[in-house]
Amino acid sequence: MKKILMINTVGYGQNGIVSVCANLCEGLDFHKYKVDLVSFYDIDEQIFKKFENTHTKLYVLPHRKTELKSYLVQLYKMMKVNHYDIVHVHGNSSTMIIESILARLCHIKNIVVHCHNNNTSHAFLNSCLKPFFKLSYTDAVACSHLAGQWLFGKSHYSIIKNGIHSHDFIFDTSARMEIRKKLNITDELVLGHVGLFNQQKNQEFLLKLIKQLVQKDISCRLLLLGDGELKEQLMKLTYEFNIQDYVIFLENTNDIPQFLSAMDVFVFPSKWEGFGLAILEAQANGLPCLVSNFVSDDVNITKDLIYISLDDLDLWIEKILSLDLSLRYQQSLGNIKKIREANYDFENIVQDLEDLYSHSR
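The residue numbering used here restarts from 1 in each chain and proceeds along that chain's sequence as written. Under the rules for a predicted model, residues below a pLDDT of 70 receive no local features and side-chain atom pairs below 80 are neither given nor counted, while totals for whole chains, interfaces and linings still include all residues. Side-chain metrics rest on all non-hydrogen atoms present in the structure, leaving aside hydrogens and water.

Enquirer: Lay out the overall build of the chain with the relevant residues and their values.
Expert: Strands here mean DSSP runs of E at least two residues long; helices mean DSSP runs of H or I at least four residues long; both are numbered from the N terminus. When helices and strands are tallied, the chain shows 14 helices and 13 strands. What you see for the chain is a C-alpha radius of gyration of 21 Å, in line with the 21 Å of a compact globule of 361 residues. The dimensions of the chain, computed from C-alpha atoms along their principal axes, are 65 × 40 × 40 Å. When a residue's accessible area, from a 1.4 Å probe over protein chains only, is under 20% of the maximum for its type it is buried; when over 50% it is exposed; and in between it is partly exposed. Looking at the chain as a whole, 57% of its 361 residues are labelled buried. In what follows, residue pairs with any heavy atoms lying within 4.5 Å of each other are defined as contacts. Sequence-distant contacts, at least 24 apart, represent 72% of the contacts inside the chain between residues at least 6 apart. All accessibility values rest on the Shrake-Rupley procedure with a 1.4 Å probe; residue burial counts only the protein chains present in the view. Accessible surface, the chain as shown: approximately 16,200 Å² in total, 51% of it carbon and sulfur. Here the positive residues are Lys and Arg and the negative ones are Asp and Glu; neither His nor the chain ends is included. We put the charge of a Lys on NZ, of an Arg on CZ, of an Asp on CG and of a Glu on CD. Positive and negative side-chain charges of the chain, numbering 37 and 42 respectively, have mean locations separated by a distance of 7 Å. C-alpha atoms define the radius of gyration in this analysis, and the globule rule sets the expected value at 2.2 Å times the number of residues to the power 0.38.

Enquirer: I'd like a rundown of the packing of helix 5 (residues 123-133) against helix 6 (residues 145-152), residues and numbers included.
Expert: Helix-helix packing is characterised by the crossing angle of the two axes and by the distance between the axes. Structural elements are reduced to axes, namely lines fitted to C-alpha atoms, with helices fitted over the stretch in contact, and the angle between N-to-C directions of any two is expressed from 0 to 180 degrees. Contact geometry of helix 5 with helix 6 gives a least axis separation of 10 Å together with a crossing angle of 85 degrees. By the angle class used here, helix 5 and helix 6 are roughly perpendicular. In this structure, helix 5 contributes Asn126, Lys130 and Phe133 to the contact, and helix 6 contributes Trp150, Leu151 and Phe152. Any angle between 65 and 115 degrees counts as roughly perpendicular, while under 35 counts as roughly parallel, over 145 as roughly antiparallel, and the rest as oblique.

Enquirer: Which residues make up the sheet that holds strand 5 (residues 110-115), and what values go with them?
Expert: Note on pairing: DSSP must find at least two bridges between two strands before they are called paired. Overall, parallel pairing links the 7 strands, which are arranged 3-2-1-4-5-6-7 in an open sheet. The sheet terminates laterally at strand 3 (56-60) and strand 7 (158-159), the two strands that pair on one side only. In terms of strand pairing, strand 5 meets strand 6 (residues 139-142) through 4 bridges, oriented parallel. Within strand 6, the residue paired with valine 112 across the bridge is aspartate 139. Running over the sheet, helix 4 (residues 97-105) touches strand 1 (2-8), strand 4 (86-91) and strand 5 and is turned about 175 degrees from strand 5.

Enquirer: Would you mind going over a negative patch on the surface in detail, with residue names and values included?
Expert: A patch is a set of surface residues, each over 30% in relative accessible area and not in a salt bridge, joined within 9 Å for like charges and within 5 Å for the nonpolar side chains Val, Leu, Ile, Met, Phe, Trp and Tyr. Basic side-chain nitrogens of Lys or Arg form a salt bridge, by our definition, when they fall within 4 Å of a carboxyl oxygen of Asp or Glu. Together, Asp311, Asp312, Asp314 and Glu318 make up a region of like negative charge exposed at the surface. Among the residues examined, aspartate 312 registers a relative accessible area of 32% and is labelled partly exposed.

Enquirer: Please give an account of the nonpolar core that cites residues and values.
Expert: In this structure, Met79, Phe152 and Phe266 are the most contacted members of the largest nonpolar core, which totals 87 residues. Those residues in contact with methionine 79 that sit more than four places away from it in its chain are Leu5, Ile7, Tyr84, Val87, Glu99, Leu102, Ala103, Cys106 and Ile108. Working definition of a nonpolar core: buried Ala, Val, Leu, Ile, Met, Phe, Trp, Tyr and Cys residues. They are joined through side-chain atoms within 4.5 Å. Of all hydrophobic cores here, the second largest spans 29 residues; its members include Cys220, Leu234, Phe241 and Val267.

Enquirer: Got a sec to walk through the environment of leucine 196? Specific residues and values, please.
Expert: Topologically, leucine 196 is positioned in the loop between strand 8 (189-194) and helix 8 (203-215). Classification of leucine 196 as partly exposed rests on a relative accessible area of 23%. Sequence separation between leucine 196 and serine 322 is 126 residues; the distance between their C-alpha atoms is 28 Å.

Enquirer: Quick rundown of the pattern of salt bridges? Include the residues and the values.
Expert: Under the criterion given, the structure shown has 10 salt bridges. Its salt-bridge partner being arginine 64, residue glutamate 99 comes within 2.7 Å of it at the nearest N-O pair. On the criterion of sequence distance, the pair formed by glutamate 99 in helix 4 and arginine 64 in the loop between strand 3 and helix 3 (68-82) is long-range, its members being 35 residues apart. With a shortest N-O distance of 2.7 Å, aspartate 264 and arginine 176 are connected by a salt bridge. Here aspartate 264 is found in the loop between helix 10 (256-262) and strand 11 (265-268), whereas its partner arginine 176 is found in helix 7 (residues 173-182), with 88 residues between them in sequence. Note on accessibility: aspartate 264 and arginine 176 belong to one class, buried. Shared partners join several salt bridges into a network, and the residues in it are Arg176, Arg180 and Asp264.

Given below as structure tokens:
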């Protein structure tokens with residue numbers, strides 16, 4: 001049995017990397033692989049539920065950013081004591097060198113670095129570390145070609161797609177009615193978004209969008225699912241824009257499919273995006289998706305994504321108001337078929353990972 005240490009350098013909040021890790025851990029053959037996971041802050045109840053049936057153990061270490069020294073000491077001890085065969089680091093930049101160098105120091109032979117994005121909020125540090133980063137790992141993996149080219153350039157890397165349990169996201173009329181009733185929504189046009197509240201996901205753009213729709217007397221609501229460092233700031237901004245009655249902030253939940261069914265349009269205005277797992281989930285639900293032109297084309301499985309510049313707010317509004325919102329269930333079924341045919345269902349992803357692990361030394 002091979003022992004794997006899986007590290008998510010952005011933490012185990014509600015984010016796409018967590019969903020990927022959960023799916024991978026659930027699908028891996030636990031007779032062949034024993035997986036430990038590292039988080040660097042307290043994990044909420046919803047996250048624990050993602051992992052409770054995955055035969056994995058979660059370790060909570062000091063915060064990677066604010067308590068780096070303590071984080072490094074404890075992570076080093078873990079690696080040294082547990083004698084892992086493989087360390088698999090998930091992240092967005094060459095700062096993953098921190099974990100890969102520790103693994104080197106602990107004489108771990110197989111070090112996988114896994115890029116999930118095509119940009120970073122600390123670009124200067126990333127550029128400084130990149131030449132050394134390439135010497136620190138044994139295997140490079142990316143969620144898309146865009147993410148791989150951005151972090152690894154011309155160096156070799158493999159693609160392991162971000163898969164989902166596609167049939168879990170099928171459009172559900174009953175869930176739609178239940179959620180909308182719970183939120184006191186009747187026939188309003190519901191825009192929706194799922195993601196961390198941070199600079200990358202750019203939810204402030206959505207507040208400006210809903211403000212314009214309200215000013216045009218469009219009966220609408222905006223559902224924002226997630227958590228993050230900018231949540232409180234965004235909530236205050238709804239009052240500054242006088243749209244607090246039109247924006248609904250929802251807590252972290254494992255019931256994402258039900259909330260997707262309650263939406264009419266999925267909006268994703270990221271300033272950069274390596275893949276965008278939430279967009280794949282929205283497509284499976286049959287939602288029309290409007291995304292920024294910084295989103296990777298790899299996620300456009302249905303070829304129906306509408307890419308729009310963040311500089312053209314009026315075009316976002318025009319496209320939203322021109323959408324055909326009928327035949328949602330049929331759209332969901334067709335999209336799920338395309339997702340499965342494109343090998344983005346999670347069974348295919350797990351097989352790719354097991355192939356990578358099986359060839360390790």
